[in-house]
Amino acid sequence: MSASEDVDAPAESRVRRLDVPKSGPLDGAGQPGGARTAREARAHLHIAVGPARLCAEPAPYPLPEGPVPREELDRLRRLYRTVPGYAAMRDHLRRTGLLALCGEPGTGRAWTGLALLAELSELADGGVSRLGAGIPHGLGIPHGLGIPHGLGIPQGFGISYGLGTPLGSGVPYGPGTPHDPVLPLGPGLPHGASVVEKTERGHGYLLELPADQADFAVEPLLDRLRAHFADHEAFCVVLVAGGPAADRLLRGRRHAVPYEPPAAADVLDRHLIELLADRPTGLLETARATARRPELAEALGLDEPRPGEAARLAGLLAAHAEGRLSEERLLEHCRSFAPDQARAWFLEAGRPGTLPAALPALRAAALRIALAVFNGSAHSLMAEAAELLAWELAVTLDPQYAPGRPLFAARPGASLATARAVHGDGVEDLGDASVPVRAVWFEGRRLAPAVLHESWDAHHNLRGPMARWLRGLCDDPRPQVWVRAAVAAGVLCARDYLYGLAELALPLARTDSPVQRMAAATALAEAARAPEVRPAVHGLLRGWARGDDERERETAALAHGYGLAAGSVAASLAELGRIACADDGRTTSHSVLRLLAGTEPETVLTALTRWLRDTRRPRRDLALLTVLRAVTTRTSHLWGLCEVPELEPYAAWPLATAVLAAHPGCAPRLAELLRAALTWARSAGAAEDALVGWIRRAAGDERQLTVLCGFLPRLAQDGDEPLDAAAATRIREVLEAL
């Protein structure tokens, strides 16, 4: 078909008018705001997490029991950094005989407790002991108050990584600071049996409350402990992890104080000085310089390590400075910090095995997983997603138990602290405008992928509730919700394609919800980013494109709009050209348009020009529809899964204008396509309307108007020859209509 054959034909009498779709395949859902959401989701989840486990690490053991050796107390005095409120803690302990420190594992609570006990017991000529799990026999405290005898206590503190003799990986381990999970003390000391036979006058005792301690029983228990130690003129520090028990104690204000850890930089420096004190001059400065290097901070992926992590890092830096640890191994160990934190979190969550006792732990796990998916988004979106996931986890654990939601928070923000998260001012993009929100994010860029991967890879029974949860989120018409859920689903599909296909992609693609089908396409395209999964995704979409199921065919067309599933933009365009034969152009033209807004606009325009000259009408129509939609569609509505920084300054412009501004070399092909649309009877009416609207929108923006004024003369020129009189007349009529 040539322009001369069609230009004089009455559009209404001879051919059916080609109408430009007024909206995308989602009828407007998922376009405004999707660009920023997709960009943030990619940024938070596309991070190499590193090995989940560097060696066969022992499971966390209870707090080591028995008297604290004098050598350890001497070392504590040399290294300990006084925390905020230390003097008030000491006065409270001296006055009442008992103090509960409420804070997160790894923040140095145990060492602060030992420092307080050592200071007071030294004045009374006493010693310091760590009590075992539960209340040891011989203290006169009745059992049955909520701490069962013999229960293992998670994440005890007493022996840190980084100091002492090698454990087989080139990294020294040994006696150190009570910041990290303890190593086994040997088979001679059974867990749950105390070596303390009686409470000694002037003695100090350190006890860690079990993580699953019922909150209603904790205050009566501490009342009895306080009375017991006061009667014996002794002292006790109880370590309480964040959660309902800690919230209840802090509300009561009788036994507990909130624990604020020391600065990680101070802890790191003190440990380096201790480790390298008797080493050759210059090693300390070498270790300090290494700690400041950007690549080490990137490998850690934590905004600020906790004191336990700082002590562990000091051991690694000292080993590296001494030449016992290579640069590659140092960074490899640093990349394991975030996965180790995620592993510890989920080990804690699995201890209470039945409802309702397990509900606080399930809520904490759900919060961390939801935060991994919604990292950096509005707090309200993350919190609602966390509640939905907590419900899925609870009914999976006990299908007959229907959990409710707590209406009031005991300490607003406390749940974020347990997840190493903070909130602050943020912005959510709505397409035409942005609105301020209270945003929430992890305190470390590696924590989000570490949590998502640990929950999916290491805990198989979490997959079912997580898959149902993500499918539900993918039916939310707000792009701030479904886009994040779809990207997360794609990341998980790439880690286990067989499971992800069956439980995520296929159920989403086969629904009647257009949003869920778009989410399925997004998830499959995201999964195809992994080279080892891409051939499987490509084969699946090829089968859908050639099949009879309209929903699967539409999903295939949408997936190819990201340019990832087929391995290249050119291959995706070839697939879309085939699908166009069974499509009215609404979905395929949207996908081609999305590719035009991607990283290879020249490739797309070349394909459109080729289709324009094709003898098959569906492909000609696809080319015409795409170029007309490029004139009428805002660039920010055409987000993809790859970064296109050159278009970001023009996000509010129509795509055609943005492409001309960012890629001036595309002007000749774009002019050829628009000339054809204006002069062919089938598309002339729609093209005139689109061109009038395009120019009128540019009239209000000097920058857009400049771009168009440089481009419009090309429409009146076909190579070196002017257009024929009829075509030129039609273009003049369009301009005069303005």
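Residues numbered from 1 in each chain as written. Predicted model: local features only at pLDDT ≥ 70, side-chain atom pairs only at ≥ 80, totals over all residues. Heavy atoms only, no water.

## Overview of the overall build of the protein chain
Turning to step 1, where the next piece is worked out: Scanning the protein chain for helices and strands turns up 33 helices and twelve strands.
Turning to step 2, where the next piece is worked out: Burial analysis of the protein chain (738 residues in total) assigns 57% to the buried set.
Turning to step 3, where the next piece is worked out: For the protein chain, contacts bridging at least 24 residues in sequence account for 75% of all contacts bridging at least 6.
Turning to step 4, where the next piece is worked out: With the model as given, the accessible surface of the protein chain reaches about 29500 Å², and the carbon-plus-sulfur share is 53%. (Helix = DSSP H or I, 4+ residues; strand = E, 2+ residues; numbered from the N terminus. Buried < 20%, exposed > 50% of the residue type's maximum accessible area, 1.4 Å probe, protein only. Contact = heavy atoms within 4.5 Å. Areas by Shrake-Rupley, 256 points an atom, 1.4 Å probe, with all protein chains shown as cover.)

## Quick look at helix H9 (residues 264-275)
Turning to step 1, where the next piece is worked out: Taking 1.5 Å of rise per residue, the twelve residues of H9 would be expected to cover 16 Å, and the 16 Å separating its terminal C-alpha atoms lies within 8% of that figure.
Turning to step 2, where the next piece is worked out: Every buried residue belonging to H9 is among Ala 264, Val 267, Leu 268, His 271, Leu 272 and Leu 275, and all of these are buried. The buried residues of H9 occupy one face: seen down the axis, they fall within an arc of 130°. (Expected span 1.5 Å × (residues − 1). Arc of directions from axis to C-beta.)

## A word on the sheet that holds strand S2 (residues 98-102)
Turning to step 1, where the next piece is worked out: In space, the six strands of this open sheet follow the order S1-S3-S6-S7-S2-S8, with mixed pairing throughout. Unpaired on one side and paired on the other, strand S1 (66-67) and strand S8 (256-258) mark the two borders of the sheet.
Turning to step 2, where the next piece is worked out: Here helix H6 (residues 109-123) sits on the sheet and contacts S2, strand S3 (128-130), strand S6 (204-208) and strand S7 (235-240); the angle it forms with S7, its principal contact strand, is near 175°. (Pairing = 2+ DSSP bridges. Axes fitted to C-alpha atoms, helices over the stretch in contact; angles between N-to-C directions.)

## Observations regarding the packing of aromatic side chains
For any two aromatic rings, the description comes down to two numbers: the centre-to-centre distance and the angle of the planes.
Turning to step 1, where the next piece is worked out: All chains considered together, the criterion is met by nine aromatic pairs.
Turning to step 2, where the next piece is worked out: Plain terms: the ring middles of Trp 345 and Phe 442 are 6.4 Å apart, the flat faces sit at 20° to each other, and that makes the pair stacked. You can see Trp 345 sitting in helix H14 (residues 337-349) and its partner Phe 442 sitting in strand S10 (residues 434-442), a full 97 residues away along the chain. Here Trp 345 and Phe 442 have matching classes, each one buried.
Turning to step 3, where the next piece is worked out: Seen in terms of ring centroids, Trp 482 and Trp 639 are 5.9 Å apart; in terms of plane orientation they differ by 50°. Their pairing is tilted. Of the two residues, Trp 482 is situated in helix H20 (residues 479-495) and Trp 639 in the loop between helix H28 (617-632) and helix H29 (655-662); the sequence distance between them amounts to 157 residues. For the pair Trp 482 and Trp 639, one class covers both residues: buried.
Turning to step 4, where the next piece is worked out: The ring of Phe 337 carries Arg 312 above its face, with NZ or CZ at 4.2 Å from the centroid.
Turning to step 5, where the next piece is worked out: One residue, Arg 594, lies across the ring of Trp 639, its end atom 4.7 Å from the ring centre. (Phe/Tyr/Trp six-rings, centres within 6.5 Å; stacked < 30°, edge-to-face > 60°. Lys NZ or Arg CZ within 6 Å of the ring centre and 35° of its normal.)

## So, unusual backbone geometry
Turning to step 1, where the next piece is worked out: Of note, the bond from Leu 355 into Pro 356 is cis; its omega dihedral lies within 30 degrees of zero at 5°.
Turning to step 2, where the next piece is worked out: Summarising the element assignment, Pro 356 is placed in the loop between H14 and helix H15 (359-373).
Turning to step 3, where the next piece is worked out: The backbone of Arg 420 shows a phi angle near 55°, a positive value even though the residue is not glycine.
Turning to step 4, where the next piece is worked out: Tracing the sequence through the fold places Arg 420 in the loop between helix H17 (414-418) and strand S9 (421-429).
Turning to step 5, where the next piece is worked out: Judged by relative accessible area, which is 3%, Arg 420 ranks as buried.

## Section: the pattern of salt bridges
Any two side chains of opposite charge can pair, so long as their charged atoms come close to each other.
Turning to step 1, where the next piece is worked out: Counted by the stated rule, this structure contains 46 salt bridges.
Turning to step 2, where the next piece is worked out: Its salt-bridge partner being Arg 94, residue Asp 91 comes within 3.2 Å of it at the nearest N-O pair. Of this pair, Asp 91 and Arg 94 both sit in helix H5 (residues 86-96), three residues apart, which is roughly one turn of the helix.
Turning to step 3, where the next piece is worked out: Residue Asp 91 is classed as partly exposed on the basis of its relative accessible area of 35%.
Turning to step 4, where the next piece is worked out: Note on Arg 94: relative accessible area 43%, which makes it partly exposed.
Turning to step 5, where the next piece is worked out: Two residues, Arg 478 and Asp 476, come together in a salt bridge whose shortest N-O distance is 2.7 Å.
Turning to step 6, where the next piece is worked out: Here Asp 476 falls in the buried class, since its relative accessible area comes to 17%.
Turning to step 7, where the next piece is worked out: Among the ionic contacts, a cluster of salt bridges with common partners joins Arg 90, Asp 91, Arg 94 and Glu 119. (Salt bridge = Lys/Arg side-chain N within 4 Å of Asp/Glu carboxyl O.)

## Digging into the packing of H28 against helix H31 (residues 681-699)
Each pair of packed helices can be summarised by the angle the axes make with each other and by the distance between the axes.
Turning to step 1, where the next piece is worked out: Where H28 meets H31, the axes come as close as 8 Å, and the angle between the chain directions of the two elements is 15°. Classified by the angle their axes make, H28 and H31 are roughly parallel. Handedness of the H28/H31 crossing: left-handed. Along the contact surface, H28 presents Arg 617, Asp 621, Leu 624, Leu 628, Val 631 and Thr 632, while H31 presents Arg 682, Ser 683, Ala 686, Ala 687, Ala 690, Trp 694 and Arg 697.
Turning to step 2, where the next piece is worked out: Looking at the contact of H28 with H31, its residues break down into seven nonpolar, two polar and four charged. (Parallel < 35°, antiparallel > 145°, perpendicular 65-115°, else oblique. Left-handed = near helix turned anticlockwise from the far one by under 90°. Nonpolar A, V, L, I, M, F, W, Y, C, P; charged D, E, K, R; others polar.)

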